[in-house]
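Letter by letter, the chains look like this.
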Amino acid sequence: MDKSSGDEIWEDSFDKLLDPRPQQSNLNIIKKNVRLSYNIDTSVENSSHSIKGCSPKSCNRSVSISTPNYNHLGKDLFNCGLSPINRLQLDGFEDTTEKCNADKDAEPNTKKRGLIVPSKNQIDTFSKFSNQTNKVACASNQSNKIVGVVLKPGKWRKSLNIFRQTQISVLNESKKLESRNSVCQDRKSIFLNGLNKQNVISQQDFYKYCNQGKPLKFNAAYSQYKMLKTHKIGEGAYGEVFRYTPNRKGCKNDLVLKIIPIEGSIEVNGEKQKNFSQIWPEIIITKKLSSIQGFANIEKVSTVKGKYPQHFVKLWKRYDDEKGSENDHPGLFGENQLFVVLELHFAGSDMSNVIFLNSEQSFYALQQIILTLAVGEEDYQFEHRDLHWGNILIKSTTKKHICFKFNNTDLIVDSKGVNITIIDYTLSRITIDECCYFNDLSNDEELFQASGDYQFDIYRMMRNELKHD
Ligand SMILES: Nc1ncnc2c1ncn2[C@@H]1O[C@H](COP(=O)(O)OP(=O)(O)OP(=O)(O)O)[C@@H](O)[C@H]1O
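None of the values given here were measured: they were computed from a predicted structure.

In this section: the site of the ligand. Around the ligand, a shell composed of 22 residues is seen, among which K155, A237, K258, A347 and D424 lie nearest. Interatomic distance of 2.8 Å between a backbone N/O atom of A237 and an oxygen atom of the ligand. Separating an oxygen atom of the ligand from a side-chain N or O atom of D424 is a distance of 2.6 Å. Expressed as a share of its isolated accessible area of 620 Å², the protein-covered part of the ligand is 93%. Listed by contribution, the elements that provide at least two residues to the shell around the ligand are β6 (227-236), β7 (239-246), β8 (255-262) and β10 (338-345). Grouping the constituent residues of the shell around the ligand by class yields ten nonpolar, eight polar and four charged.

Pasting the structure below:
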């Protein structure tokens, strides 16, 4: 976060302990830029904090906490091959990857895309840190059926698609992958479970839900003059995300448009396009959770048709020039292409791009994440199931407190200047009126194959824990 924005007010006595004073820095006691995942090294008794209303007992009570510490937690707490503690070793592993000549050719493409293709040596090194049951196999290792790909944490699906596009011929694995159960051949990452009649949704029902009789013209519905200061801020495997200030009175928030192509026959970003039924759960989940503090706030859903408007194409190109896009150029869409557009409140930058100003901020961000999930679980049995740091957005706020409503009880948590929002419900599960919406992850082989970060082990560990159910 930018210090010049007046955020220094959040620097408090607790943070003095983390101040990068030269003496301590030299002794490697403290790190200059304290990032959440590295905070495990610190062992600092925190200043008092309060979560008002958590329970009658804890009401208005201040409790002393300490940041996670290896000695405090004990060696057996993370009883698995790749614990958060070992993640530091994995970072070291990534360093060796860079030094490895064998992969140098692959680097320019794969590094930008958060993807590392391991050599045999690296696989061996990596396996030392891995749980024996977590087989990590090199793509060229004939004896193993699993094709292991070492990815950086975060949005794994996109990286995997890019891997296919750029590396498959190099690794001569295309045949194996074609025959595999893959979302690329037949997307199954979303489908409805529950009441049968709700399994398929017609176009007309979908339009009705959007308060439309038919799709709107893309160019007219989102014309340039309705949007001020528009720019592309992100992308997913399923769509492009643009931020803008609405050119209408009374609209205080900046909005984002998540534009998702649907129903078309061409593959986009290495994925088949979703159909109306497949996108339905994400819409339902987003709408339902929208009223809960900590989940993405949605203004509107609409369906539009037509070529990608030129002003969006220009913004797409600018993003590609400046940051490099992993997605396909939107010029590929024709006149008849349909898109679902989600209009959401702008919710900040994802956690992987945020440096907390002090440790209390990160602590209270965590409190907000926990309470958001608690309310979602209590109200709708919500499970996110892909809660990596790329799916947590952080925005600065001038509000002193953030309020949650858990089971009719008001919970108030200090903001410490940050407001969190949990996004991306693609893999999520929710129950509304006895109808459970989820996608069957046990069919999603790819989800359980990536390696390179604790995040990917979690997917496998959860699958084992749930015994494939
Ligand atoms: N409400 C929002 N406010 C600010 N940025 C957002 C918002 N929603 C999405 N983004 C940005 O757009 C990116 C892509 O969004 P999202 O994760 O919802 O897309 P996706 O296509 O579902 O991704 P995935 O590839 O994980 O399936 C996010 O990482 C984030 O940077």
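After that view, the rundown keeps rolling.
Here we take up helix α12 (residues 310-322). Here α12 contains 13 residues, and its C-alpha end-to-end distance of 18 Å stays within 8% of the 18 Å for a straight helix at 1.5 Å per residue. For α12, every residue scored as buried is listed here: H311, F312, V313, L315, W316 and Y319. Packing partners of the buried residues in α12 comprise α10 (218-221), β6, β7 and β8. Backbone geometry just downstream of α12 places G324 in the positive-phi region, at approximately 85 degrees.

Three or four residues apart is the spacing at which side chains of an α-helix point the same way, because the helix has 3.6 residues per turn. For helix α13 (residues 359-380), built from 22 residues, the straight-helix expectation of 32 Å at 1.5 Å per residue is met to within 8% by its first-to-last C-alpha distance of 31 Å. The N-cap residue of α13 is N358: its side-chain oxygen and the backbone nitrogen of E360 are 3.2 Å apart. Where α13 ends, the next residue or the one after it, Q381, has phi of about 50 degrees, a positive value.

We now examine a nonpolar patch on the surface. A cluster of nonpolar residues, I458, M462 and L466, forms a patch on the protein surface that exposes about 250 Å² of accessible area. For L466, a relative accessible area of 47% corresponds to the partly exposed category.

Taken together, the six strands give an open sheet; going across it, the order is β5-β9-β10-β8-β7-β6, and neighbouring strands pair in mixed fashion. Either end of the sheet is taken by a strand with one partner, and the two such strands are β5 (216-217) and β6. Pairing geometry for β8 and β10, over eight bridges, is antiparallel. Counterpart to L255 in the pairing with β10 is H345. Contacting β8, β9 (298-305) and β10, helix α11 (residues 276-289) crosses the sheet at an angle of about 10 degrees to β10. Each of β6, β7 and β8 is contacted by α12, which is oriented at about 55 degrees to β6, the strand it contacts most.

With numbering matched to this structure, UniProt assigns "binding site: ATP" (unreviewed entry) to K258. When you line up the elements, K258 lands in strand β8. Once residues within four sequence positions are removed from consideration, K258 is found in contact with E240, V241, E282, V340, V341, L342 and L344. Only 2.9 Å separates the side chain of K258 from the side chain of E282, close enough to count as a polar contact.

A few words on unusual backbone geometry. Positive phi outside glycine occurs at N211, with the angle close to 60 degrees. On the secondary structure map, N211 appears in the loop between α9 (203-209) and β5. By relative accessible area, which is 75% here, N211 ends up exposed. Its identity as a non-glycine residue notwithstanding, K416 has a phi of 50 degrees, on the positive side. Counting through the fold element by element, K416 comes out in the loop between β14 (409-414) and β15 (418-422).

This next bit is on the environment of N443. Mapped onto the elements of the fold, N443 is located in the loop between β17 (435-437) and β18 (450-451). For N443, a relative accessible area of 31% puts it in the partly exposed group. C-alpha of N443 to C-alpha of H468: the two residues are 25 residues apart in sequence and 9.8 Å apart in space.

Bringing the sheet that holds strand β12 (residues 392-396) into the picture now. One open sheet accounts for three strands, arranged β11-β12-β15; its pairing is antiparallel. Looking along the sheet, the strands with just one partner apiece sit at the ends: β11 (349-350) and β15. Pairing of β12 with β15, which is carried by five bridges, proceeds in the antiparallel orientation. Bridge pairing links L393 to T421 in β15. With respect to the sheet, α13 is in contact with β12 and β15, its orientation differing from that of β15 by roughly 35 degrees.

A separate point is the pattern of salt bridges. Oppositely charged side chains can form a pair if their charged atoms are brought close together. Tallying each qualifying case throughout the model produces ten salt bridges. A salt bridge links K274 to E282; the nearest nitrogen and oxygen atoms lie 3.2 Å apart. Accessibility assignment for this pair places K274 and E282 in one class, buried.

Attention now goes to a negative patch on the surface. A cluster of like negative charges, contributed by E377, E378, D379 and E383, occupies part of the molecular surface. Counting through the fold element by element, E377 comes out in helix α13.

Another aspect to go through is the pairing of β10. Counting buried positions over the eight residues of β10 gives eight, a clear majority of the element. Because side chains alternate across β10, one face comprises the buried residues L338, V340, L342 and L344, and the other comprises F339, V341, E343 and H345, equally buried. Relative to β10, β9 is paired through seven bridges, and the arrangement is antiparallel. From the neighbouring strand, V301 faces β10, where its bridge partner is L342.

Further remarks concern the nonpolar core. What tends to happen in soluble globular proteins is that the nonpolar side chains get buried as a cluster. F206, L289, V340, I394, Y425 and I430 are the most contacted members of the largest nonpolar core, which totals 52 residues. In this structure, Y425 is in contact with I285, T286, L289, F295, A296, F382 and H384, ignoring residues within four places of it in sequence. Grouped together as the second largest cluster of nonpolar side chains are 18 residues, F218, M227, F242 and I259 included.

Thresholds applied
Residues numbered from 1 in each chain as written. Predicted model: local features only at pLDDT ≥ 70, side-chain atom pairs only at ≥ 80, totals over all residues. Heavy atoms only, no water. Near = heavy atom within 4 Å. Polar contact = N/O pair within 3.5 Å; in protein donor to acceptor, adjacent residues only side chain to side chain. Areas by Shrake-Rupley, 256 points an atom, 1.4 Å probe, with all protein chains shown as cover. Helix = DSSP H or I, 4+ residues; strand = E, 2+ residues; numbered from the N terminus. Nonpolar A, V, L, I, M, F, W, Y, C, P; charged D, E, K, R; others polar. Expected span 1.5 Å × (residues − 1). Buried < 20%, exposed > 50% of the residue type's maximum accessible area, 1.4 Å probe, protein only. Contact = heavy atoms within 4.5 Å. Patch = residues over 30% accessible without salt bridge, like charges linked within 9 Å, V, L, I, M, F, W, Y side chains within 5 Å. Salt bridge = Lys/Arg side-chain N within 4 Å of Asp/Glu carboxyl O. Pairing = 2+ DSSP bridges. Axes fitted to C-alpha atoms, helices over the stretch in contact; angles between N-to-C directions. UniProt positions renumbered as here; feature names shortened; annotations may be inferred. Lys, Arg positive; Asp, Glu negative; His and termini not counted. Charge placed at Lys NZ, Arg CZ, Asp CG, Glu CD. Core = buried A, V, L, I, M, F, W, Y, C linked by side-chain atoms within 4.5 Å.

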